[in-house]
Protein chains: 2
Amino acid sequence: MARSDIEGVRREALIQAAIGAIEVEGSLDVTMAAIARRASVSPALAHHYFGGKDDLMIAAMRHLLKEFRAGVTARLRAAETPRQRVGAIVAGCFAPGQFTAETIAAWLVFYLNARRSPEAARLLAVYFRRLESNLVAALSPLTGRGAARDIAAAAGAMIDGVWLRQALTPKHAPDAAAAIGAVERFVDAEIARCA
Amino acid sequence: MARSDIEGVRREALIQAAIGAIEVEGSLDVTMAAIARRASVSPALAHHYFGGKDDLMIAAMRHLLKEFRAGVTARLRAAETPRQRVGAIVAGCFAPGQFTAETIAAWLVFYLNARRSPEAARLLAVYFRRLESNLVAALSPLTGRGAARDIAAAAGAMIDGVWLRQALTPKHAPDAAAAIGAVERFVDAEIARCA
DNA sequence: CTTCATTGATTGACTGATCAATCAATGAAG
DNA sequence: CTTCATTGATTGATCAGTCAATCAATGAAG
């Protein structure tokens with residue numbers, strides 16, 4: 001492997017290890033040693049590349065955010081009608097990579113962390129704003145701008161709620177189809193109310 | 001103060017202090033020293049009454065659960081029609097004591113903790129089961145048992161989602177009326193679908 | 001093709017701080 | 001005098017972060 005690639009590989013491995021450790025532990029209270037062990041490097045190396053634990057956590061969060069956004073935008077590009085665009089966003093929220101108990105637990109951890117870390121709060125705010133403005137844009141042609149805002153807020157809450165419940169019932173495998181169905185039914189009902 | 005009351009007073013104070021500390025910190029990673037300081041006692045006393053940190057956390061969680069349940073059952077007793085019973089449950093979820101950013105943060109912390117603590121998971125499971133069965137019982141006369149189950153699950157998810165969003169936007173004070181309105185609109189629409 | 005200096009990767013050992021938990025001692029109420 | 005509440009001091013463990021020292025790859029000079 002070319003030497004210039006090593007840094008990228010290590011950073012990636014450490015970020016994945018951090019997310020994995022957070023998922024398993026259900027808390028940001030994971031040791032650098034545990035993360036480093038997962039990435040098969042020494043704890044010192046994690047500090048070498050990320051400076052400190054906080055920076056690694058922010059990097060891990062940014063990674064999750066980026067993955068999520070990529071899934072949504074890919075689905076949005078394939079959509080043609082406004083209603084399909086709404087469906088694309090909903091489906092993106094329950095994509096196989098996103099809708100697992102472990103990933104959701106990691107999201108929750110980051111949510112809570114945002115209460116303490118301004119940087120984490122800023123990242124999450126950007127994510128929420130993008131998701132909501134995507135939804136509003138997709139809904140506006142169907143319901144008008146004002147109603148679109150209300151529906152987007154409610155649908156967003158419902159999506160988060162389904163996520164949350166899923167994270168807490170590790171007995172059942174996440175049922176993405178049922179989740180999407182519930183949210184879509186809600187959206188359809190709300191659109192009908194505006195027609 | 002009678003000597004026999006002291007223990008109860010201290011336990012109560014320590015539980016409240018624990019919840020307060022968790023709310024502020026947004027994590028179970030609060031020190032016994034910080035909790036004890038909030039309760040104006042020494043750290044050693046907290047251990048004396050609760051045995052260990054885990055036990056104190058479980059006690060705090062149990063306390064939150066009990067408060068929540070008391071609010072819902074009080075509202076349920078005042079309801080007369082099935083639809084009113086549904087409304088009572090929804091309103092109970094957004095009661096002033098429950099629907100604050102700090103309390104919600106504490107709930108989230110306990111949620112995540114349930115991934116690690118079997119006792120916490122058991123307590124949460126009881127809470128979920130009760131809430132859902134209350135909802136199903138209230139909805140069944142209106143929609144039939146099968147549909148009631150589906151609607152209860154979706155409404156529960158929506159309630160949790162509204163909670164979650166609220167915990168993450170500490171800028172806005174929680175708007176209980178809007179939250180109740182959104183959930184009730186959803187429930188009404190779902191009931192209408194079954195009529 | 002060698003040699004060797006440079007640079008980045010990597011680590012083990014260490015440190016200072018923090019924290020849960022313990023315990024023996026104190027003191028007040030009955 | 002007995003019992004229980006209460007605490008200060010202490011301990012052992014854990015962890016983030018540091019540092020000086022190796023190791024390995026690259027490339028330039030001869």
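This report concerns the structure included in the present document. What you see is a predicted model; the values in this text were computed from it and never measured.

Some details on the packing of helix α7 (residues 118-143) of chain A against helix α8 (residues 145-168) of chain A
Residue and element names in this part refer to chain A.
Then, in step 1: For the pair α7 and α8, interaxial distance at closest approach is 8 Å and the crossing angle is 130 degrees. On the basis of the axis angle, α7 is oblique to α8. Judged by the twist between their axes, the crossing of α7 over α8 is right-handed. Residues Y127, F128, E132, L135, V136, L139, S140 and T143 of α7 touch α8, and the partners they reach there are R145, A147, A148, R149, I151, A152, A153, A155, G156, D160 and W163.
Then, in step 2: Class assignment of the residues belonging to the contact of α7 with α8 gives a composition of 12 nonpolar, 3 polar and 4 charged.

Describing the interface of chain B and chain A
Then, in step 1: Taken together, the contacts link 33 residues of chain B with 33 residues of chain A.
Then, in step 2: Roughly 3200 Å² is buried in total at the junction of chain B and chain A, and carbon and sulfur atoms are behind 60% of that figure.
Then, in step 3: Residue E190(B) is joined to R185(A) by a salt bridge in which the shortest nitrogen-to-oxygen separation is 2.9 Å.
Then, in step 4: Across the chain B-chain A interface, the total number found is 12 residue pairs in polar contact (both at pLDDT 80 or more).
Then, in step 5: Those elements giving two or more residues to the side of chain B that touches chain A turn out to be α1 (3-25), α6 (101-113), α7 (118-143), α8 (145-168) and α9 (176-194) of chain B.
Then, in step 6: When residues of the side of chain B that touches chain A are assigned to their parent elements, the largest contribution, 12 residues, is made by α8(B).

Some points on the packing of aromatic side chains
All names here are of chain A.
Then, in step 1: Going through the model one piece at a time under the given rule, you end up with 19 aromatic pairs over all chains.
Then, in step 2: Look at F68 and W163: their rings are 6.3 Å apart centre to centre, the planes differ by 90 degrees, and that puts the pair in the edge-to-face class. One end of the pair, F68, is in helix α4 (residues 53-78); the other, W163, is in helix α8, and 95 residues separate them in sequence. Neither residue differs from the other here; F68 and W163 are each classed as buried.

Here we look at the relation of the copies chain B and chain A
Both copies of the chain are tied together by a single rotation about an axis and a shift running along it.
Then, in step 1: Once chain B has been moved 0.0 Å along the axis and rotated by 180 degrees, it coincides with chain A to within an RMSD of 0.1 Å. Taken together, the turn and the small shift mark the pair as related by a two-fold rotation axis. Within chain B, G161(B) has its C-alpha nearest the rotation axis, a separation of 1.8 Å.
Then, in step 2: Mapped onto chain A, 100% of the interface residues of chain B are again interface residues, and the two copies thus contact each other with one and the same surface.

Quick notes on the pattern of salt bridges
Residues and elements named next belong to chain A.
Then, in step 1: Under the criterion given, the structure shown has 20 salt bridges over all chains.
Then, in step 2: Residues E119 and R122 are paired through a salt bridge, measuring 3.4 Å at the closest nitrogen-oxygen approach. Of the two residues, E119 and R122 are both situated in helix α7; the distance of 3 residues between them amounts to about one turn of the helix.
Then, in step 3: With relative accessibility at 29%, the residue E119 sits in the partly exposed group.
Then, in step 4: Taking relative accessible area as the criterion, R122 reaches 43% and is therefore assigned partly exposed.
Then, in step 5: Among the ionic pairs, R193 bridges to E190, the shortest N-O distance being 3.6 Å.

Structural notes on empty space enclosed by the protein
Then, in step 1: In total, this model carries 1 cavity of 30 Å³ or more according to the counting rule given.
Then, in step 2: Approximately 30 Å³ is the volume attributed to the largest cavity.
Then, in step 3: In terms of lining residues, the largest cavity is bounded by R165(A), F128(B), L131(B), E132(B), L135(B), A152(B) and G156(B).
Then, in step 4: Residue classes in the lining of the largest cavity are distributed as 4 nonpolar, 1 polar and 2 charged.

Quick notes on the side chain of S117(A)
All names here are of chain A.
Then, in step 1: By the element assignment, S117 lies in the loop between α6 (101-113) and α7.
Then, in step 2: You can call S117 buried: its relative accessible area is 17%.
Then, in step 3: A polar contact is formed between the side chain of S117 and the backbone nitrogen of A120, at a distance of 3.0 Å.

Analysis parameters
- Residues numbered from 1 in each chain as written.
- Chains lettered and ligands numbered in written order.
- Predicted model: local features only at pLDDT ≥ 70, side-chain atom pairs only at ≥ 80, totals over all residues.
- Heavy atoms only, no water.
- Axes fitted to C-alpha atoms, helices over the stretch in contact; angles between N-to-C directions.
- Helix = DSSP H or I, 4+ residues; strand = E, 2+ residues; numbered from the N terminus.
- Parallel < 35°, antiparallel > 145°, perpendicular 65-115°, else oblique.
- Left-handed = near helix turned anticlockwise from the far one by under 90°.
- Contact = heavy atoms within 4.5 Å.
- Nonpolar A, V, L, I, M, F, W, Y, C, P; charged D, E, K, R; others polar.
- Buried area = accessible area lost by both parts, 1.4 Å probe.
- Salt bridge = Lys/Arg side-chain N within 4 Å of Asp/Glu carboxyl O.
- Polar contact = N/O pair within 3.5 Å; in protein donor to acceptor, adjacent residues only side chain to side chain.
- Phe/Tyr/Trp six-rings, centres within 6.5 Å; stacked < 30°, edge-to-face > 60°.
- Buried < 20%, exposed > 50% of the residue type's maximum accessible area, 1.4 Å probe, protein only.
- Least-squares fit on C-alpha atoms with pLDDT ≥ 70 in both.
- 1 Å grid on protein atoms, 1.4 Å probe; cavity = no way out; pocket = protein on both sides within 12 Å on 5 of 7 lines; lining within 4 Å.
- Points joined across faces, edges and corners; volume = space filled by probe spheres on them.

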